[in-house]
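Structural features, examined
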Amino acid sequence: MTELLTEPTLVETLGQICGLVALAFCIAGFANKNDDRLLVLLISANVAFALMFAFFESWTASALTVLVIVRITLARKYQGNWPIMLAMLAVNLVVAWFTWKSPTDVFPLAAAVFGTVAMFMLRGIPLRIVLGLAALCWMLNNIVIGSVGGTLAEGMVLVTNLITIIRLYRLQKKYPDFSPGR
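Here's a quick rundown of the structure. (Residues numbered from 1 in each chain as written. Predicted model: local features only at pLDDT ≥ 70, side-chain atom pairs only at ≥ 80, totals over all residues. Heavy atoms only, no water.)

Digging into a nonpolar patch on the surface
- On the surface, Phe 114, Ile 129, Leu 133, Leu 136, Leu 140 and Ile 143 cluster together to form a nonpolar patch covering roughly 470 Å² of accessible area.
- It is helix α7 (residues 124-145) that contributes the most residues to the nonpolar patch, five residues altogether.
- For Phe 114, the location among the structural elements is in helix α6 (residues 106-121).
- On the basis of relative accessible area, Phe 114 is assigned to the partly exposed category, the value being 31%. (Patch = residues over 30% accessible without salt bridge, like charges linked within 9 Å, V, L, I, M, F, W, Y side chains within 5 Å. Areas by Shrake-Rupley, 256 points an atom, 1.4 Å probe, with all protein chains shown as cover. Salt bridge = Lys/Arg side-chain N within 4 Å of Asp/Glu carboxyl O. Helix = DSSP H or I, 4+ residues; strand = E, 2+ residues; numbered from the N terminus. Buried < 20%, exposed > 50% of the residue type's maximum accessible area, 1.4 Å probe, protein only.)

This is the structure:
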């Protein structure tokens with residue numbers, strides 16, 4: 001508790017700033033209706049997250065976040081491709097193995113696994129449920145490392161996902177043939 005009352009170091013301050021920048025990119029991305037712009041903003045947010053994790057010395061989270069950028073690009077181009085998804089999962093495991101520092105590194109690893117499976121294999125409500133689980137894992141990691149911006153960003157992702165799930169459920173109930181596309 002006393003560490004909350006101490007003056008933050010420059011590195012901690014830079015980590016918090018990166019988390020807030022990532023939050024701003026997430027808000028801009030989720031508010032955007034253009035998929036290509038959303039992709040660019042999410043990649044930008046993940047660059048900021050990777051830097052934030054590095055400043056907080058959360059190396060597994062930082063390295064796996066860099067892989068999130070690769071995953072976003074690959075999953076968009078190779079939706080449903082099992083070999084590429086399995087290769088991406090294997091790379092995540094290898095990276096986690098080499099960067100693992102503490103038991104809490106399970107949170108970013110779980111987030112990476114959930115996110116990879118969701119983005120490659122799922123659509124609609126199942127996609128959003130599993131991405132919500134990934135966001136919850138990222139949020140838990142951000143709470144553990146003390147990132148305000150990162151925690152707020154993942155909280156926003158959870159709320160946005162929940163709202164979208166409700167909207168999709170209502171659409172599917174009203175229009176049984178409705179299918180959320182790309």
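Details of the side chain of Asn 141
- With respect to the element layout, Asn 141 can be found in helix α7.
- Ignoring sequence-local partners within four residues, the contact set of Asn 141 consists of Phe 53, Ser 58, Ala 61, Thr 104, Phe 107 and Pro 108. (Contact = heavy atoms within 4.5 Å.)

Some words on the packing of aromatic side chains
- One pass over the full model with this rule turns up two aromatic pairs.
- On the basis of an interplanar angle of 20 degrees and a centroid distance of 6.4 Å, the ring pair of Phe 49 and Phe 53 is categorised as stacked. One end of the pair is Phe 49 and the other is Phe 53, both in helix α3 (residues 35-55) and four residues apart, which spans about a single turn.
- On the basis of relative accessibility, which here comes to 2%, the residue Phe 53 falls in the buried class.
- For the ring pair Phe 53 and Trp 138, a centre distance of 5.4 Å and an interplane angle of 20 degrees mean the geometry is stacked. With Phe 53 in helix α3 and Trp 138 in helix α7, the pair connects residues that are 85 residues apart, well separated along the chain.
- On the basis of relative accessible area, Trp 138 is assigned to the buried category, the value being 10%.
- Aromatic ring contacts, followed pair by pair, group Phe 49, Phe 53 and Trp 138 into a single cluster. (Phe/Tyr/Trp six-rings, centres within 6.5 Å; stacked < 30°, edge-to-face > 60°.)

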